[in-house]
Amino acid sequence: MPGPTTVLNSGKTLEQICRAAELSDEALALLGDGSDGRGYVQVLAEKGHYTDAIRFLAYALPQRPAVWWAWVCARRAHGEVPTAPVQAALDATKQWIAEPTDANRREAMRLATDVEYRTPAGCAGLAAFFCGESIGPPERDPVPPGEYMAAQAISGC
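In this report, we go over the structure that sits alongside the text. Each chain carries its own residue numbering, running from 1 in the written order of its sequence. Restriction of local features to residues with pLDDT of at least 70 applies here, the model being predicted, together with a cutoff of 80 or more for giving and counting side-chain atom pairs; totals for whole chains, interfaces and linings are based on all residues. Side-chain numbers here rest on the full set of heavy atoms in the structure, without hydrogens or water.

1. Here we look at the environment of Ser134
Its place among the elements puts Ser134 in the loop between α8 (120-129) and α9 (149-156). Relative accessibility under 20% of the residue-type maximum defines a buried residue, over 50% an exposed one, and the middle range a partly exposed one, all with a 1.4 Å probe and only protein chains included. Judged by relative accessible area, Ser134 falls into the buried class, the value being 9%. It is 9.8 Å that separates the C-alpha atoms of Ser134 and Gly146, two residues lying 12 residues apart in sequence. Any two residues whose heavy atoms approach within 4.5 Å are treated as being in contact. Ignoring sequence-local partners within four residues, the contact set of Ser134 consists of Arg105, Arg106, Phe129, Asp141, Pro142, Val143, Pro144 and Pro145. In the analysis that follows, any N or O atom pair within 3.5 Å is treated as a polar contact, provided that within protein one partner can donate a hydrogen and the other can accept it, and provided that, for residues neighboring in sequence, both atoms belong to side chains. At 2.8 Å, the side chain of Ser134 forms a polar contact with the backbone nitrogen of Val143. Only DSSP runs of H or I reaching four residues or more are called helices, and only runs of E reaching two or more are called strands; each is numbered from the N terminus.

Following this line, the structure appears as structure tokens:
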């Protein structure tokens, strides 16, 4: 059974996630204040460290639910009537969330490229792409994404 500092069944400790997420020194100083991941996020929010709380969650959550969270944020960030390319990127990411196939993942990335990765919709689509087995072309040998590449894109969303 995981210890009290293991977060959200990821097998990682709070310290490992905080290190990977590159949280601020102020956030790291609060590590002892939370007994688990949820408690730590609550402490971060209560102390006004919202960016650190977002980064922590992006790294702590399982990838698919985290991409869903990024998609919800992106959908809200782009307003009620996003441009057609943004809507297409959001729709492709939503399709991957519903059916996480390689084809849907690659389509989410293709349409994220159209709206640029600096946008919320672009970050969400890129995060979906990084959840696959390979970031290389499908006809080539697999090139696995880095362990936290999806989390980086999610936190950017």
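Having seen the structure, we can now continue with the description.
2. With respect to the environment of Trp68
Residue position: Trp68 is located in helix α5 (residues 63-77). The spatial distance from the C-alpha of Trp68 to the C-alpha of Val143 is 24 Å, given a sequence separation of 75 residues.

3. Notes on the packing of aromatic side chains
What counts as a ring pair is set by centres within 6.5 Å for rings of Phe, Tyr and Trp (its six-membered ring), and what kind of pair is set by the plane angle: stacked under 30 degrees, edge-to-face over 60, tilted for all other angles. In total, this model carries 3 aromatic pairs according to the counting rule given. Taking the centre distance of 5.2 Å and the plane angle of 75 degrees together, the rings of Tyr40 and Phe56 count as edge-to-face. On the criterion of sequence distance, the pair formed by Tyr40 in helix α3 (residues 37-46) and Phe56 in helix α4 (residues 50-60) is long-range, its members being 16 residues apart. What makes Tyr40 buried here is its relative accessible area of 0%. Residue classification places Phe56 among the buried positions, given a relative accessible area of 1%.

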